[in-house]
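Each chain, written out:
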Amino acid sequence: MRIVRFGRGSWGVVEGEVIRVTRGPAGPFTGKKVLLSEVKLLPPARPTKIVCVGRNYRKHAEEMGEEVPPEPGLFLKAPNALAAPGADIPYPSFTKSFHYEGELAVVIGRRMRRVPEEKALSYVLGYTCALDLTARDVQKTDLQWIRAKSADGFCPLGPWIETELDPSDLALRTFVNGEIRQNSRTSMMIFSVPFLLSYITRFMTLEPGDVLLTGTPEGVGELRVGDEVAVEIEGIGRLSVHIVPSE
Ligand code: MG
C-alpha cells in the first residue's frame, strides 16, 4: 500500500493514477477519489522529531575521513526541516557548501519504547525516500548541527509511504540533474533498521509519524542553484526537489 498526504493535509492510498482518500494515515476510506496528477503532494508524515544516523555506510565514513563508529552516531532534525516532493529549496544564505545525502526513511506506525530488535519492524508504518540536506561547512564549525542539518527545507520526504517492503536490501540511487552520484544498497548499512529502532527506543520514545533517516552511502557532494536533486529507492519511487536562489 502507498500512503500519501496531499492538498491541505488530506491522506489517501495511491492505486494506479488514483488516490482513494482516507481519514488518516491508516484509513478508513471516505469514499472520495482524486487523481494523483491533480494534487500537490505533501511530506507523507507529521513527525514530532526526525531521528537521523550519521556514518551508517562504511564507504561514506571513509570519504568523510572518519572512523566507522562503534555505536550509531545519532542527531535530530526538527519538523520545520520537512519539504514536500517537488519543492523549491532556497540555497541557504549561511553556507557555501550545501550537500545532498540520499537516504531511506522509516515512518513509525505505533508508539515504540524499549522494543527488542526482533520485534522492531512490526512497529513500522512503512518506508519512503529522504534527502538529508546538509550545510557541510557550518557542520564543521557550529557546536551542534542545528543550522547544518535542521534549517527550513533541509529534509525533503516522499513521495509516499510504501507499507509492504523489506528494507534490508534495496537499491538506493541519487541523481543531480539526471547524473548518478550515489549508487548503493541498504544492505551496505553498518547498523540495520531493526537494530537502529531498538537502539533508539532504549532511551527515546518514538511516536506514530516519527521518522528515522538511516544514513547515506558514499558519493555525497555539492548542490548549486538551478540543480534538480533526486533520490530513487527500489520498491518505493523517486523524490526530487529543485535548488533555487536564496530567499
Ligand atoms: Mg545523513
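Since the model is a prediction, treat every value here as computed from it, not as a measurement.

Draft legend 1. Spotlight on the coordination of the magnesium ion. For the magnesium ion, the full set of protein donor atoms is Glu-101 (OE), Glu-103 (OE) and Asp-132 (OD), and the range of their distances to it is 2.0 to 2.1 Å. Here the donor residues of the magnesium ion are spaced in sequence according to E-x1-E-x28-D. Taken together, the residues span a long stretch of sequence, with Glu-103 in strand S11 (residues 102-108) and Asp-132 in the loop between strand S12 (124-131) and strand S13 (134-135) at a distance of 29 residues. A relative accessible area of 0% places Glu-103 in the buried class.

Draft legend 2. Local environment of the domain arrangement of the chain. You can read the domains of the chain as domain 1 (1-42) and domain 2 (43-244). Each of domain 1 and domain 2 has a C-alpha centre, and these two points are 24 Å apart. Surface buried jointly by domain 1 and domain 2 totals about 1,100 Å² across both partners, of which 59% is contributed by carbon and sulfur atoms. Broken down residue by residue, the surface that domain 1 buries against domain 2 is led by Met-1, Arg-2 and Ile-3, which jointly contribute 44%. Counting across the domain 1 and domain 2 interface gives one salt bridge. In this structure, Arg-2 and Glu-162 form a salt bridge, with 3.1 Å as the shortest nitrogen-oxygen distance. In this assembly, domain 1 and domain 2 are joined by six residue pairs in polar contact (both at pLDDT 80 or more). Counting only elements with at least two residues in the side of domain 1 that touches domain 2, the list comes to strand S1 (2-6), strand S2 (10-15) and strand S5 (41-42). Per-element tally for the side of domain 1 that touches domain 2: the top contributor is S1, with four residues. Within the side of domain 1 that touches domain 2, the residues separate by chemical class into nine nonpolar, no polar and two charged.

Draft legend 3. Layout of the sheet that holds strand S15 (residues 171-176). Judged by pairing direction, the sheet is mixed, and its five strands sit side by side in the order S9-S20-S19-S15-S16 without closing on themselves. At either margin of the open sheet sits one strand with a lone partner, and together these are strand S9 (88-90) and strand S16 (179-185). Geometrically, the sheet is characterised by an average inter-axis angle of 20° between neighbouring strands, direction not taken into account. Taken together, the six bridges between strand S19 (residues 228-233) and strand S20 (residues 237-244) define a ladder with antiparallel strand orientation. Of the residues in S20, the one forming a bridge with Glu-228 is His-242.

Draft legend 4. Fine view of the pairing of S19. The pairing of S15 with S19 spans five bridges and is antiparallel. Opposite Phe-175, over in S19, you have Ala-230 as the bridge partner. What sits between the antiparallel neighbours S19 and S20 is a turn of three residues, in which Gly-235 has the positive phi angle 85°.

Draft legend 5. A look at the pairing of S20. Pairing geometry for S9 and S20, over three bridges, is parallel. If you follow Pro-90 over to S20, its bridge partner there is Val-244.

Draft legend 6. Representation of the environment of Leu-239 in the model. For Leu-239, the position within the fold is in strand S20. Residue Leu-239 is classed as buried on the basis of its relative accessible area, which comes to 0%. Residues Leu-239 and Ala-84, spaced 155 residues apart in sequence, show a C-alpha to C-alpha distance of 8.9 Å. Discounting residues that sit within four places of it in the chain, Leu-239 has contacts with Pro-85, Cys-129, Ala-130, Leu-131, Pro-156, Leu-157, Gly-158, Pro-159, Val-229, Ala-230 and Val-231.

The rules behind these values
Residues numbered from 1 in each chain as written. Predicted model: local features only at pLDDT ≥ 70, side-chain atom pairs only at ≥ 80, totals over all residues. Heavy atoms only, no water. Donors = N, O, S within 2.8 Å, 3.2 Å for Na, K, Ca; no water. Helix = DSSP H or I, 4+ residues; strand = E, 2+ residues; numbered from the N terminus. Buried < 20%, exposed > 50% of the residue type's maximum accessible area, 1.4 Å probe, protein only. Domains from an automatic or database assignment. Buried area = accessible area lost by both parts, 1.4 Å probe. Salt bridge = Lys/Arg side-chain N within 4 Å of Asp/Glu carboxyl O. Polar contact = N/O pair within 3.5 Å; in protein donor to acceptor, adjacent residues only side chain to side chain. Nonpolar A, V, L, I, M, F, W, Y, C, P; charged D, E, K, R; others polar. Pairing = 2+ DSSP bridges. Axes fitted to C-alpha atoms, helices over the stretch in contact; angles between N-to-C directions. Contact = heavy atoms within 4.5 Å.

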